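In case you want the letters, here they are:
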Amino acid sequence: MRQGGSASPELFTFYLDKVLRSIPFLKKKLDEKALLAFADDLLIECVDEAETVEAIQAIKALKCFGLEPEDPPPPKAIGGVEVVQSHKYLGIKVQSRKADILKDTKAFCQRIDRHVRR
């Protein structure tokens, strides 16, 4: 399969899902819908510092599959991961408060719906 071929994204998604599910912490987060994965981007929702450290260890375990983070650690971080109250992921603002998440997701879906109806 050549890189950039029409089946490449689907094959990568299949591979990534298998890899993420092979690491118990990441599988748990996927099952809880607390891990978003798209192409080479991952977003893991962690509830406290201990879980964040566990997530970092799980991400480091991806190295054995040829996957590893490339960004240098931010200046204010837990185990090299910046602590934020919200983050923009694939154009959607992800926030730490569930009420805000629901409100933002509903607004995003309404914008998509308006574009589809045109």
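The paragraphs below set out a description of the structure included in this document. (Residues numbered from 1 in each chain as written. Predicted model: local features only at pLDDT ≥ 70, side-chain atom pairs only at ≥ 80, totals over all residues. Heavy atoms only, no water.)

## Quick notes on the overall build of the protein chain
Here is step 1: Counting secondary structure elements, the protein chain contains four helices and six strands.
Here is step 2: Beginning at the N terminus, the succession of helices and strands in the protein chain can be written as α-α-β-β-α-β-β-β-β-α.
Here is step 3: Looking at the protein chain residue by residue over its 118 residues, the buried ones come to 21%.
Here is step 4: For the protein chain, the proportion of contacts with a sequence separation of at least 24, taken over those separated by at least 6, is 35%. (Helix = DSSP H or I, 4+ residues; strand = E, 2+ residues; numbered from the N terminus. Buried < 20%, exposed > 50% of the residue type's maximum accessible area, 1.4 Å probe, protein only. Contact = heavy atoms within 4.5 Å.)

## Remarks on the side chain of E51
Here is step 1: Examined against the element boundaries, E51 turns out to sit in helix α3 (residues 49-60).
Here is step 2: Accessibility expressed as a relative area gives 12% for E51, which makes it buried.
Here is step 3: From its side chain, E51 meets the backbone nitrogen of V47 in a polar contact 2.8 Å long. (Polar contact = N/O pair within 3.5 Å; in protein donor to acceptor, adjacent residues only side chain to side chain.)

## Notes on the environment of I56
Here is step 1: Note on placement: I56 falls in helix α3.
Here is step 2: As a C-alpha pair, I56 and I78 span 22 residues in sequence and 9.0 Å in three-dimensional space.
Here is step 3: Residues in contact with I56, not counting those within four places in the same chain, are I78, G79 and V81.

## Notes on helix α2 (residues 24-31)
Here is step 1: Every buried residue of α2 is listed here: F25, L26, K29 and L30. Taken around the axis of α2, the buried residues stretch over an arc of 135°, which confines them to a single face. (Arc of directions from axis to C-beta.)

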